[in-house]
Amino acid sequence: MAFAQLGLNPLVVKAVEASGYTEPTAVQIQAIPATLQGTDLLVSSQTGSGKTAAFMLPCLHRLDQPSALPGRGPRVLVLTPTRELAQQVTRAAETYGKFLKRLRVVAAVGGAPLHVQAKLLSQPVDIVVATPGRLIDHLERGRIDFSRLETLILDEADRMLDMGFIDDIEAIIARTPATRQTLLFSATLEGVVGRLAQRVTKNARRIEIATAPENKAKIEQRIHFADDFSHKSRLLDHLLRDVALSQAVVFTSTKKSADDLAVQLRGEGFAAEALHGDMNQRDRNRTLQALRQGRTRVLVATDVAARGIDVPGISHVINFDLPRQAEDYVHRIGRTGRAGREGIAISLAAHFEKRQIRDIERYTAQAIRVGVIPGLEPKARPARPEGFGDKRRATAPRPAGGYGKGNGNGYGAKSSFGDRKAGFGDRKAAFGEKQSSFGEKTGYGHREGTRPGSDKRNAPSGTKRRAYGGY
């Protein structure tokens, strides 16, 4: 089927085809005609399914005709969980709508000057793509008018709810016309997402797109078990020196961990940068631009900050810290294997994290191989519960030339950062710390003087918690 068969405006079809797309995806085939009919939608689809075009193309189709209502406010509002995803949606709107006359798209996100956005919103605008927190700022200052809003889109609704935006979302929706069309896109439509959907949609059509098996096969997945933090660091050092690695995203559980690990990697000669929610927009843009241009080989990121990153050159995703939720694992590994390429996803896990791995395998309906690197084998071999992974062992080749030689791709010639006495894991991030405004939780750890399974009564009183990875 061609895009022209979906009933879209010829100018929109022309822009899509100019972008190199010839056939719509499964979610686009179902969602575009339904959106054009004015139906509310609940769509469940995974990363990489083409959902951005699924809601943006029919909206652009309508924008070719003038609004029947007076005003300067947006006719389309897209809410996203992160700045990066908002920028991605904004670029898509501008790309697919480049042949439409006088199309104006404004991104209202945190980290950018509020007064600059306010000036843009004071002029006639067709599409606003926003994060909930920043949009609330503009609404409270009376800088945006929804009187002629036609379509509201909640993109990655499950993630916005995970990040604690439920109150902001409901406050925003309360300001929109009751006559609007609502499109909700989410990885899951159950639980709290389903309850929100019932409140904000009317007679919604439900569309669920299963992940294609061939897409799963493009990402090779494996796990390496680590005895302790130093062992995990040496494993990471070995993986990053693999000559087959083009670019990698290394995931950590906290913002401080991302900063510390990026500093440590740079000290070892890697071209590494951190990306997390505490960075201002200028630094985030500069970091992402360096990644897209290939100047950054290793991006150390948190879950929220990495949402929306679409860089085809990312060959590896490495989970230095396992995700807290199984669905986050899917979003993480989705950063590699983009645009039809193959990717590698590697998780570094402690022996006591078997339950988290088992949850991931159940969620993805896939067994994950256990890898062993010669010379870096774990001393302890955890018992594998029934149904956990498969029994094969994968071995990763040593990079050509050994560890001491640089490969000319931004990798240094220094020794492993895991061999230092003062590891960057000795941080004070405690399990009980509050969640940040971007939804990133701090790491968890064990008290000094104890190990998992040991008698905690022998631990000295008043000891401080160590960061995740202290084991």
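Residues numbered from 1 in each chain as written. Predicted model: local features only at pLDDT ≥ 70, side-chain atom pairs only at ≥ 80, totals over all residues. Heavy atoms only, no water.

**Student:** Looking at this model, I keep getting lost on the overall build of the chain. Mind explaining?
**Tutor:** Within the chain, the regular secondary structure consists of 16 helices and 15 strands. When the 471 residues of the chain are sorted by exposure, 54% land in the buried category. When contacts within the chain are restricted to residue pairs at least 6 apart in sequence, long-range pairs at least 24 apart make up 74% of them. Taken as a whole, the chain presents about 20900 Å² of accessible surface, with 49% of it coming from carbon and sulfur. (Helix = DSSP H or I, 4+ residues; strand = E, 2+ residues; numbered from the N terminus. Buried < 20%, exposed > 50% of the residue type's maximum accessible area, 1.4 Å probe, protein only. Contact = heavy atoms within 4.5 Å. Areas by Shrake-Rupley, 256 points an atom, 1.4 Å probe, with all protein chains shown as cover.)

**Student:** Mind showing me how you'd approach the sheet that holds strand β3 (residues 105-108) here?
**Tutor:** Either a parallel or an antiparallel arrangement is found when strands of a sheet pair, and the pairing is made through backbone hydrogen bonds. Pairing in this open sheet of seven strands is parallel, and the strands run β3-β4-β2-β5-β6-β1-β7 from one edge to the other. Bordering the open sheet on either side are β3 and β7 (205-208), each of which pairs with just one other strand. Strand-to-strand twist across the sheet, computed as the mean angle between neighbouring axes with direction ignored, equals 15°. In terms of strand pairing, strand β1 (residues 41-44) meets strand β6 (residues 181-186) through four bridges, oriented parallel. (Pairing = 2+ DSSP bridges. Axes fitted to C-alpha atoms, helices over the stretch in contact; angles between N-to-C directions.)

**Student:** Quick question: what am I supposed to make of the packing of helix α6 (residues 132-140) against helix α8 (residues 166-174) here?
**Tutor:** Packed helix pairs are specified by the crossing angle of their axes together with the interaxial distance, meaning the distance between the axes. It is at 9 Å that the axes of α6 and α8 come closest, and there the two elements cross at 45°. Here α6 is positioned oblique relative to α8, judged by the angle of their axes. α6 and α8 meet at a crossing whose hand is left-handed. Residues Pro132, Gly133, Leu135, Ile136 and Leu139 of α6 form the contact with α8, whose own contacting residues are Asp168, Ile169, Ala171 and Ile172. (Parallel < 35°, antiparallel > 145°, perpendicular 65-115°, else oblique. Left-handed = near helix turned anticlockwise from the far one by under 90°.)

**Student:** How should I be thinking about unusual backbone geometry in this particular structure?
**Tutor:** Peptide bonds are, in most cases, trans, and in most cases residues other than glycine have a negative phi. Notably, Arg102 is not glycine yet its phi reads approximately 55°, a positive angle. Relative to the assigned elements, Arg102 resides in the loop between α4 (83-96) and β3. On the basis of relative accessibility, which here comes to 74%, the residue Arg102 falls in the exposed class. Although it is not a glycine, Asn203 sits at a positive phi angle of roughly 50°. Checked against the element boundaries, Asn203 lands in the loop between α9 (191-200) and β7.

**Student:** Any chance you could explain the nonpolar core here in plain terms?
**Tutor:** Where a protein is soluble and globular, its nonpolar side chains tend to be buried together. Phe55, Met56, Leu57, Leu60, Val78, Ile127 and Ile153 are the most contacted members of the largest nonpolar core, which has 38 residues in total. Secondary-structure elements contributing two or more residues to this core are α1 (10-18), α2 (26-36), β1, α3 (51-63), β2 (76-79), α4, β4 (127-130) and β6. Once you skip the residues sitting within four places of it in the chain, Met56 turns out to touch Val78, Val89, Ala93 and Ile127. Judged by nonpolar contacts, the second largest core, of 32 residues, contains Ala130, Leu161, Met163 and Ala197. (Core = buried A, V, L, I, M, F, W, Y, C linked by side-chain atoms within 4.5 Å.)

**Student:** Help me out: how do you make sense of the pattern of salt bridges in this one?
**Tutor:** Evaluation of the coordinates by the stated rule reveals 18 salt bridges. The partner of Asp137 in a salt bridge is Arg134, and the shortest N-O contact between them spans 3.7 Å. Placement of both Asp137 and Arg134 in helix α6 is noted, with a separation of three residues, approximately one turn of the helix. A relative accessible area of 26% places Asp137 in the partly exposed class. For the salt bridge of Glu170 with Arg199, the shortest nitrogen-to-oxygen distance reads 2.4 Å. With Glu170 in helix α8 and Arg199 in helix α9, the pair connects residues that are 29 residues apart, well separated along the chain. Through salt bridges with shared partners, one network takes in Lys51, Asp155 and Glu156. (Salt bridge = Lys/Arg side-chain N within 4 Å of Asp/Glu carboxyl O.)

**Student:** Teacher, can you tell me more about the confidence of the model for the chain here?
**Tutor:** Close inspection of predicted coordinates is inappropriate in any region flagged by low pLDDT. For the chain, per-residue confidence averages 80 on the pLDDT scale, and residues scoring 70 or more make up 78% of the total. Within the model, the stretch residues 213-217 combines pLDDT values under 50 with three contacts to residues more than four positions away or in other chains. Every residue in residues 383-471 scores below 50 in pLDDT, and together they form 196 contacts with partners more than four places removed in sequence or on other chains. (pLDDT = per-residue confidence, 0-100.)

**Student:** I would appreciate a short explanation of the side chain of Thr90 in the present structure.
**Tutor:** Examined against the element boundaries, Thr90 turns out to sit in helix α4. When sequence neighbours within four positions are dropped, the list of residues in contact with Thr90 reads Val105, Ala107 and Val129.

**Student:** Help me understand the environment of Pro132, please; the structure alone is not making it clear to me.
**Tutor:** Relative to the elements of secondary structure, Pro132 occurs in helix α6. Considered as a pair, Pro132 and Glu170 are 38 residues apart in the sequence and their alpha carbons are 9.8 Å apart. Those residues in contact with Pro132 that sit more than four places away from it in its chain are Thr80, Met160, Phe165, Asp168, Ile169 and Ile172.

**Student:** Can you walk me through the environment of Arg335 in this structure?
**Tutor:** With respect to the helices and strands, Arg335 occurs in the loop between α15 (326-333) and β13 (343-350). Put simply, Arg335 and Ala306 are 29 residues apart on the chain and 8.2 Å apart in space, counted from C-alpha to C-alpha.

**Student:** Please explain the packing of aromatic side chains as it appears in this structure.
**Tutor:** Any pair of aromatic rings gets described here by the distance separating the centres and the angle formed by the planes. Tallied over the full model, the rule gives two aromatic pairs. Aromatic side chains Phe229 and Phe320 sit 6.0 Å apart centroid to centroid with 90° between the ring planes, which places their arrangement in the edge-to-face category. Of the two residues, Phe229 sits in helix α11 (residues 229-240) while Phe320 sits in the loop between β12 (314-319) and α15, which places them 91 residues apart along the sequence. Each of the two residues, Phe229 as well as Phe320, counts as buried. Directly above the ring of Phe99 sits Lys14, whose terminal nitrogen or CZ lies 4.5 Å from the centroid. Between Lys232 and the ring centre of Phe320, over which it is positioned, the NZ or CZ distance is 5.0 Å. (Phe/Tyr/Trp six-rings, centres within 6.5 Å; stacked < 30°, edge-to-face > 60°. Lys NZ or Arg CZ within 6 Å of the ring centre and 35° of its normal.)

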